[in-house]
Amino acid sequence: MPPLVPNHVVVLCEDAAHKLFTERWLKSRGVPSRRIRTLPSPAGKGAGEKFVRVNYPIEVAYYRQKSFTSRQLVVVIDGDTQAVQHRFEQLSQGLNDAGLEDRKLGERICILVPKRNIETWVRALIGDDVDEASDYGKQDEGVIRQAADAYQPWLEGQGETVPSMASSRGEVKRLDGE
């Protein structure tokens, strides 16, 4: 089934690499640029993961105020050295602290947690052997674009990869209401 093309997608992410990767990937799913609103962490203003955690309840509340049948929220937050599940728990706790319910089935809220960071997924998508403990450092924008272009075909295939990227398949299905 082809991906649902939403009227509006909000991307909440840590940094420029997340922004470039996610916007490019969404465009490969058929989402026009004018329908994507990205909220990257302000450069030099502290930890990007904290920005995402603080703003997640705000964006979920906004998402829920509107008819969400054609809206989507994509959250990208690095797992860093923690377990991927730890980031999910932090985001869930943020909702609870704000008096909001956890994500519900059918809500088009997708949380991507690359471990150790997005550069791990980038290197994996361009064919490098990677692990989730190593820090692969900043990647060139061209390499990030190449990886983002490979992500949707990878999602639709059966390829092996690092566990955090494999778990993203289920999250991405949420964008289509699955």
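This text follows the structure it describes.
Since the structure is predicted, the reported quantities are computational estimates derived from the model, not experimental observations.

A. Representation of the sheet that holds strand β2 (residues 36-40) in the model. Here 4 strands make up an open sheet; going across it, the order is β2-β1-β3-β4 and the pairing parallel. Of all strands in the sheet, those with a lone pairing partner are β2 and β4 (109-112), marking the two edges. Taken pair by pair, the neighbouring strands of this sheet meet at an average axis angle of 15°, ignoring direction. Relative to β4, strand β3 (residues 71-76) runs parallel, the two sharing 4 bridges. Bridge pairing in β4 places L73 opposite I109.

B. Layout of helix α2 (residues 48-65). Given a rise of 1.5 Å per residue, 18 residues ought to cover 26 Å, and the 26 Å separating the end C-alpha atoms of α2 matches this to within 8%. Within α2, the axis deviates most sharply at N55, by approximately 35°, and proline P57 lies no more than four positions further along. Listing the buried residues of α2 in full gives G48, E49, F51, V52, N55, Y56, P57, E59, V60 and Y63. Contacts from the buried residues of α2 go to β1 (8-13), β2, β3, α3 (84-97) and β4.

C. Summary view of the pattern of salt bridges. Summed over all chains, the structure comprises 12 salt bridges. Between R24 and D149 there is a salt bridge; the shortest N-O distance is 2.8 Å. Of the two residues, R24 is situated in helix α1 (residues 16-28) and D149 in helix α5 (residues 141-156); the sequence distance between them amounts to 125 residues. Residue classification places R24 among the partly exposed positions, given a relative accessible area of 30%. Measuring nitrogen to oxygen at the nearest pair gives 3.2 Å for the salt bridge that ties R145 to E141. Of the two residues, R145 and E141 are both situated in helix α5; the distance of 4 residues between them amounts to about one turn of the helix. Residue classification places R145 among the partly exposed residues on the basis of a relative accessible area of 30%. The exposure class of E141 is partly exposed, given its relative accessible area of 48%. Taken together, the shared-partner salt bridges in this structure form one network comprising E49, R53, D80 and R87.

Conventions used here
Residues numbered from 1 in each chain as written. Predicted model: local features only at pLDDT ≥ 70, side-chain atom pairs only at ≥ 80, totals over all residues. Heavy atoms only, no water. Pairing = 2+ DSSP bridges. Helix = DSSP H or I, 4+ residues; strand = E, 2+ residues; numbered from the N terminus. Axes fitted to C-alpha atoms, helices over the stretch in contact; angles between N-to-C directions. Expected span 1.5 Å × (residues − 1). Bend = angle between axes of the 7 residues up to and from the residue. Buried < 20%, exposed > 50% of the residue type's maximum accessible area, 1.4 Å probe, protein only. Contact = heavy atoms within 4.5 Å. Salt bridge = Lys/Arg side-chain N within 4 Å of Asp/Glu carboxyl O.

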